[in-house]
Amino acid sequence: MKIKLFLSALMLMVGTLTATYASFPVQRTTSNNTNTTVVVENQEDELSSPAIAGDGKSQIIALVLCALVGGIGIHRFYLGYTWQGVVQLLTLGGCGVWSLIDLIRIITGDLQPKNGGYSKTL
């Protein structure tokens, strides 16, 4: 019973943390009596989800997440490394070793967000 409850909570957490949003060009067609105009809107400068942006990530927040809940890899999700976060979640941070290494890497600035650098550093 405890295993089922644990796996259900794990699936719920992974499912909510890995939700993504689609971004694609929108094609609108407007037609007058003789003319047809096709407008393609492409917004490449805007990101579909703020979670995938390297901008706005704080080294202090990553450090606090790693120190408090590093064993379940929440800091990896925050930094944009989803698959590594899932593996760290399933292995409980490599029994604490992986999260300790990540803590040192965040303090030294070696572990950066996936798509850029930190906006706020130590």
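Residues numbered from 1 in each chain as written. Predicted model: local features only at pLDDT ≥ 70, side-chain atom pairs only at ≥ 80, totals over all residues. Heavy atoms only, no water.

Student: Where do I start with the confidence of the model for the protein in this structure?
Tutor: For any part of a model where pLDDT is low, the fine detail of the predicted coordinates should not be relied upon. On average, residues of the protein score 75 in pLDDT, and 64% of them reach the 70 mark or higher. Ignoring residues within four places in sequence, the model shows residues 20–24, a span with pLDDT below 50, making 4 contacts including any to other chains. Here residues 43–48 is a poorly scored stretch, pLDDT under 50, and it has 5 contacts once near neighbours within four places are set aside; other chains count. (pLDDT = per-residue confidence, 0-100. Contact = heavy atoms within 4.5 Å.)

Student: Sorry, what's going on with the nonpolar core here?
Tutor: When a protein is soluble and globular, its nonpolar side chains tend to lie buried together. Counting residues in hydrophobic clusters, the biggest one holds 6 residues: Ala62, Cys66, Leu79, Ile106, Leu111 and Tyr118. Excluding its chain neighbours within four sequence positions, the residues that come into contact with cysteine 66 are His75, Ser99, Asp102, Leu103 and Ile106. (Core = buried A, V, L, I, M, F, W, Y, C linked by side-chain atoms within 4.5 Å. Buried < 20%, exposed > 50% of the residue type's maximum accessible area, 1.4 Å probe, protein only.)

Student: How should the packing of aromatic side chains be read in this particular structure?
Tutor: Working definition: an aromatic ring pair is given by the centre-to-centre distance plus the angle between the planes. For the structure shown, the criterion picks out 0 aromatic pairs. Between the NZ or CZ atom of lysine 57 and the centre of the ring of tyrosine 78, over which it lies, the distance is 4.7 Å. Cation over ring: arginine 76 sits above tyrosine 81, and NZ or CZ is 5.5 Å from the ring centre. (Phe/Tyr/Trp six-rings, centres within 6.5 Å; stacked < 30°, edge-to-face > 60°. Lys NZ or Arg CZ within 6 Å of the ring centre and 35° of its normal.)

Student: Help me out: how do you make sense of helix 4 (residues 82–90) in this one?
Tutor: An α-helical turn contains 3.6 residues, so any two residues separated by three or four positions project in the same direction. Those residues of helix 4 lying buried are Gly85, Val86, Gln88 and Leu89. Down the axis of helix 4, the sector holding all buried residues measures 165°, keeping them to one side. The outward face of helix 4, more than 90 degrees from its buried face, is lined by the exposed residues Trp83 and Leu90. Immediately downstream of helix 4, the backbone of leucine 92 shows phi near 55°, a positive value. (Helix = DSSP H or I, 4+ residues; strand = E, 2+ residues; numbered from the N terminus. Arc of directions from axis to C-beta.)

Student: How should I be thinking about the packing of helix 4 against helix 6 (residues 97–108) in this particular structure?
Tutor: Working note: a packed helix pair is described by the angle between its axes plus the distance between those axes. With their axes 10 Å apart at the nearest point, helix 4 and helix 6 run at an angle of 135° to one another. By the angle between their axes, helix 4 is oblique relative to helix 6. Contacts between helix 4 and helix 6 pair Gln84, Val87 and Gln88 from the former with Trp98, Ser99 and Asp102 from the latter. Considering only residue class, the contact of helix 4 with helix 6 consists of 2 nonpolar, 3 polar and 1 charged. (Axes fitted to C-alpha atoms, helices over the stretch in contact; angles between N-to-C directions. Parallel < 35°, antiparallel > 145°, perpendicular 65-115°, else oblique. Nonpolar A, V, L, I, M, F, W, Y, C, P; charged D, E, K, R; others polar.)

Student: What's the story with the side chain of histidine 75 in this structure? I'm lost.
Tutor: Among the structural elements, histidine 75 can be located in helix 3 (residues 74–79). Assessed through its relative accessible area of 0%, histidine 75 is described here as buried. In terms of polar contacts, histidine 75 uses its side chain to reach the side chain of aspartate 102, at 2.9 Å. Excluding residues within four positions of it along the chain, histidine 75 makes contact with Ala62, Leu65, Cys66, Gly70, Gln88, Asp102 and Ile106. (Polar contact = N/O pair within 3.5 Å; in protein donor to acceptor, adjacent residues only side chain to side chain.)

Student: Is there a simple way to think about the side chain of lysine 57 in this case?
Tutor: Locating lysine 57 in the fold gives a position in the loop between strand 2 (36–41) and helix 2 (59–69). Here lysine 57 falls in the buried class, since its relative accessible area comes to 8%. There is a polar contact of 3.1 Å between the side chain of lysine 57 and the backbone oxygen of tyrosine 78.

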